[in-house]
Amino acid sequence: MVSIENLKNVLREPNIVELKPWKSIHDTITTPMITALTKDIPGSNLAIGFAHITEPESLGGPSHQHPFDQWIFLIGESKNFIDFDADIEFELDKKVYNINYPCYAFIPKGMYHCPLVVKRVGKPLIFIDVRLTKEASVRTAGEKASVKKIR
């Protein structure tokens with residue numbers, strides 16, 4: 001499996017892209033990840049990544065900000081997306097939120113966020129990272145491009 005830097009989804013039709021798997025930077029995420037990149041379809045500004053979480057993990061690295069808006073979704077992975085059984089701590093704007101329910105968080109450009117710490121996983125969950133901007137085409141997980149860390 002390739003890394004996110006080497007990910008090459010396949011444009012099958014003018015507006016239809018075949019998603020190719022890639023390996024997470026997190027050792028605990030062993031199932032293939034999928035990500036739609038803005039470079040997949042000319043004119044598209046969507047970058048969205050999906051990860052299957054089965055055990056505790058710290059995601060997103062240290063607190064940082066982006067020059068674009070971002071949405072993070074945490075949902076159950078069963079037939080019923082609201083079937084959620086996990087404990088998560090998510091830092092937004094230097095405040096830690098405790099999450100034990102399916103949700104999404106809106107992170108406006110410039111807002112410091114992370115880490116997102118999955119403390120306990122009773123049932124596997126799906127983590128979704130969404131960005132609507134050309135600047136997000138480089139990465140949707142692991143964060144090296146377009147990131148400013150708190151000093």
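As the structure is a prediction and not an experimental result, all values here were calculated from the model.

Visitor: I'd like a description of the packing of aromatic side chains, backed by residues and values.
Guide: Under the defined criterion, the tally for this structure stands at two aromatic pairs. Judged by centre distance (5.3 Å) and plane angle (40°), the rings of Trp-71 and Phe-106 are tilted. Of this pair, Trp-71 sits in strand E7 (residues 70-76) while Phe-106 sits in strand E10 (residues 103-107), placing them 35 residues apart in sequence. Arranged with centres 5.0 Å apart and planes meeting at 25°, the rings of Phe-73 and Tyr-104 form a pair that is stacked. Taken together, the residues span a long stretch of sequence, with Phe-73 in strand E7 and Tyr-104 in strand E10 at a distance of 31 residues. A relative accessible area of 53% places Tyr-104 in the exposed class. A cation sits over an aromatic face here: Lys-94 above Tyr-112, 5.8 Å from the ring centre.

Visitor: Account for the pattern of salt bridges, with residues named and values stated.
Guide: Enumeration over the complete set of coordinates arrives at six salt bridges. Its salt-bridge partner being Asp-83, residue Lys-123 comes within 2.9 Å of it at the nearest N-O pair. Of this pair, Lys-123 sits in the loop between strand E11 (113-121) and strand E12 (125-132) while Asp-83 sits in the loop between E7 and strand E8 (86-92), and the two are 40 residues apart along the sequence. Residue classification places Lys-123 among the partly exposed residues on the basis of a relative accessible area of 35%.

Visitor: Can you tell me about the nonpolar core, naming the residues and giving the values?
Guide: Counting 26 residues, the largest nonpolar core has Ile-53, Leu-74, Ile-88, Phe-90, Leu-116, Leu-125 and Phe-127 as the members making the most contacts within it. Among the elements of the structure, strand E4 (46-53), E7, E8, E10, E11 and E12 are those that each provide at least two residues to this core. Formed by six residues, the second largest nonpolar core is a distinct cluster that contains Ala-36, Ile-48, Ile-126 and Ile-128.

Visitor: Pulling in residues and values, what's your account of the environment of Phe-81?
Guide: Position of Phe-81 among the secondary structure elements: in the loop between E7 and E8. A C-alpha to C-alpha distance of 8.7 Å links Phe-81 and Leu-125, two positions 44 residues apart in sequence. With residues near it in sequence (within four places) discarded, Phe-81 still touches Ile-75, Gly-76 and Pro-102.

Visitor: Now, about the pairing of E11: what can you tell me, with residues and values included?
Guide: Summarising the sheet, strand E5 (residues 57-59) and E11 pair through three bridges and their orientation is antiparallel. Looking at the pairing, Ser-58 lines up with Val-117 of E11. Bridge analysis of E8 against E11 gives six bridges, and the strand direction is antiparallel. If you follow Phe-90 over to E11, its bridge partner there is Leu-116.

Visitor: Quick one: what's the story with the sheet that holds E7, residue by residue and with numbers?
Guide: Paired through their backbone hydrogen bonds, the strands of a sheet run either parallel or antiparallel. With respect to topology, five strands assemble into an open sheet ordered E3-E4-E12-E7-E10, the strand pairing being antiparallel. Of all the strands in the sheet, the pair left with one neighbour each is strand E3 (34-36) and E10. Between one strand axis and the next, the sheet turns through 15° on average, direction left out of account. Relative to E12, E4 runs antiparallel, the two being bridged by eight bridges. Bridging across to E12, Leu-46 finds its partner in Leu-132.

Visitor: So, the confidence of the model for the protein: which residues are in play, and what are the values?
Guide: On average, the protein scores 88 in pLDDT, and the residues at 70 or more come to 89%. In this model, residues 139-151 is a region of pLDDT below 50 whose contacts with residues beyond four sequence positions or in other chains number 39 contacts.

Procedures and definitions
- Residues numbered from 1 in each chain as written.
- Predicted model: local features only at pLDDT ≥ 70, side-chain atom pairs only at ≥ 80, totals over all residues.
- Heavy atoms only, no water.
- Phe/Tyr/Trp six-rings, centres within 6.5 Å; stacked < 30°, edge-to-face > 60°.
- Helix = DSSP H or I, 4+ residues; strand = E, 2+ residues; numbered from the N terminus.
- Buried < 20%, exposed > 50% of the residue type's maximum accessible area, 1.4 Å probe, protein only.
- Lys NZ or Arg CZ within 6 Å of the ring centre and 35° of its normal.
- Salt bridge = Lys/Arg side-chain N within 4 Å of Asp/Glu carboxyl O.
- Core = buried A, V, L, I, M, F, W, Y, C linked by side-chain atoms within 4.5 Å.
- Contact = heavy atoms within 4.5 Å.
- Pairing = 2+ DSSP bridges.
- Axes fitted to C-alpha atoms, helices over the stretch in contact; angles between N-to-C directions.
- pLDDT = per-residue confidence, 0-100.

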